[in-house]
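Below are the chains, spelled out letter by letter.
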Amino acid sequence: MTGGKIRILLVAVAVIAAIALAYVFLTKRPIAVPVAAIERNVAVRLYGLGTVEARIVSKIGFEVGGALADLSVDSGDVVTGGQVLARLHRDAQQARVARAQAAIAAAAANTRKAEANVEKARAVLAQRQADDTRQQELAGRNAISRQTAEEAKRDVEVAAAELTVAQTEVDVFRSQEVDARAALDYETAVLNQHALEAPFDAVVVARHAEAGAVVRAGDAIYTLMDPKTVWTLAYVDEERAGALAVGQAAEVRLRSMPHEVYTGTVARIGIESDRANEERRVWITCDKCPPQAFLGEQAEVRITVDQLAEALLVPEAAISGFDGHQGRVFVVMDGRLAQVPVTFGHRTEDARVEIVAGLPEGARVVTAAAKGLVEGRAARILEEARP
């Protein structure tokens, strides 16, 4: 073997040795890893996006159709219950009310006339009865013929029948009077329906018509909102919604006022989730509400579902095979790395998960999925995350 070949062989051996030493140095030397520490008083919050809504939002209109005479309020106005908001032209309906009033007066006059006829028929009957009594006495003494006595008796029967007819006419006219009064009540009610009143204390959200327009019964004239029923409708991921409960505290941040935080309470949890987005609907009432609510405004919601006295939290990125309940994490035990299966509990809004079971005694959980994590490799604790 020549000297040149020997030198090449020595250089190759040196390179291979250097590579081997580098590999051993890089793979076998202790790796510095961050580990999790016990945290105290950890608030578990769920995050959701939503909008400002109101529980009572009503579109109101007239119960009858007609031409709008005037509208007295506009969008943004505050109104009180019973306040007149709009009117229809009333002339035709006022004429119907007047006609109903005249019908009552006519029915009352007919009733009085019928009652007078009753008194007259009663007097005639009394006269006929007195005549019949005399005629029957005379017939008993044979002072008059039997035919005359029978005619007197027949006159009594005719007078009694006429009294019955007169009394019936009174009942008929009284019924007509009742019917006329009912007609007046109906026409008056229809006249009152020509004025549109606010059904509750409200804020006018929208005005849908203008004066002069002809509207049908039921057409929306205004949309009203009860400001006392303002709340936030939030959508929370179903995967994290299991801990939700009515009464939990929440914070709401509006898009128009990002520096203001409004506190509230979970008032309702939807029975039906959004099938497309796989989200649960949650309604939150406010303890401290904004001075003015804008329906549909975007809001960010954070709901506190639990308060952990002590918790060991690990980032989701440091978990392998995580299924929402179990997974595997790297730990440091006796100065070396090991991967162990553990069970998880709550998840926080910053994508960390609580370890509740499965952690070996004395093991420290690695919080970063760093390159070079291999079971059995020596490890050195670099720092404690979130002391």
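Structural data are supplied above this passage.
What comes next is a walk through the structure.

Thresholds, definitions, all that
Residues numbered from 1 in each chain as written. Predicted model: local features only at pLDDT ≥ 70, side-chain atom pairs only at ≥ 80, totals over all residues. Heavy atoms only, no water. Pairing = 2+ DSSP bridges. Helix = DSSP H or I, 4+ residues; strand = E, 2+ residues; numbered from the N terminus. Buried < 20%, exposed > 50% of the residue type's maximum accessible area, 1.4 Å probe, protein only. Patch = residues over 30% accessible without salt bridge, like charges linked within 9 Å, V, L, I, M, F, W, Y side chains within 5 Å. Areas by Shrake-Rupley, 256 points an atom, 1.4 Å probe, with all protein chains shown as cover. Salt bridge = Lys/Arg side-chain N within 4 Å of Asp/Glu carboxyl O. Core = buried A, V, L, I, M, F, W, Y, C linked by side-chain atoms within 4.5 Å. Contact = heavy atoms within 4.5 Å.

1. Section: the sheet that holds strand β3 (residues 57-60)
Here's step 1: Strand order across the open sheet formed by four strands is β3-β10-β8-β5, with antiparallel pairing between neighbours. Strands with a single pairing partner mark the edges of an open sheet, and in this sheet they are β3 and β5 (78-79).
Here's step 2: In this structure, β5 lies alongside strand β8 (residues 202-207), joined through two bridges in antiparallel fashion. Looking at the pairing, Val 79 lines up with Ala 202 of β8.

2. Some details on the pairing of strand β11 (residues 230-237)
Here's step 1: Summarising burial for β11: six of the eight residues are buried, a large majority.
Here's step 2: Bridge analysis of β11 against strand β14 (residues 279-286) gives seven bridges, and the strand direction is antiparallel. Bridge pairing in β14 places Tyr 235 opposite Arg 281.

3. Observations concerning a nonpolar patch on the surface
Here's step 1: Together, Val 57, Val 205 and Leu 295 give the surface a local cluster of nonpolar side chains, amounting to about 190 Å² of exposed area.
Here's step 2: Assignment of secondary structure puts Val 57 in strand β3.
Here's step 3: Given a relative accessible area of 39%, Val 57 falls into the partly exposed group.

4. Focus: the nonpolar core
As a rule of thumb, soluble globular proteins bury nonpolar side chains together.
Here's step 1: Val 236, Leu 244, Val 282, Ile 284 and Ile 303 are the most contacted members of the largest nonpolar core, which totals 26 residues.
Here's step 2: If you list the elements that add at least two residues to this core, you get β2 (38-54), β11, β12 (249-254), β13 (257-269), β14 and β15 (298-315).
Here's step 3: If one sorts the elements of this core by residue count, β15 sits on top with seven residues.
Here's step 4: Once residues within four sequence positions are removed from consideration, Ile 284 is found in contact with Trp 231, Thr 232, Ala 234, Ala 250, Val 252, Gly 264, Thr 265, Val 266, Ala 267, Val 301 and Ile 303.

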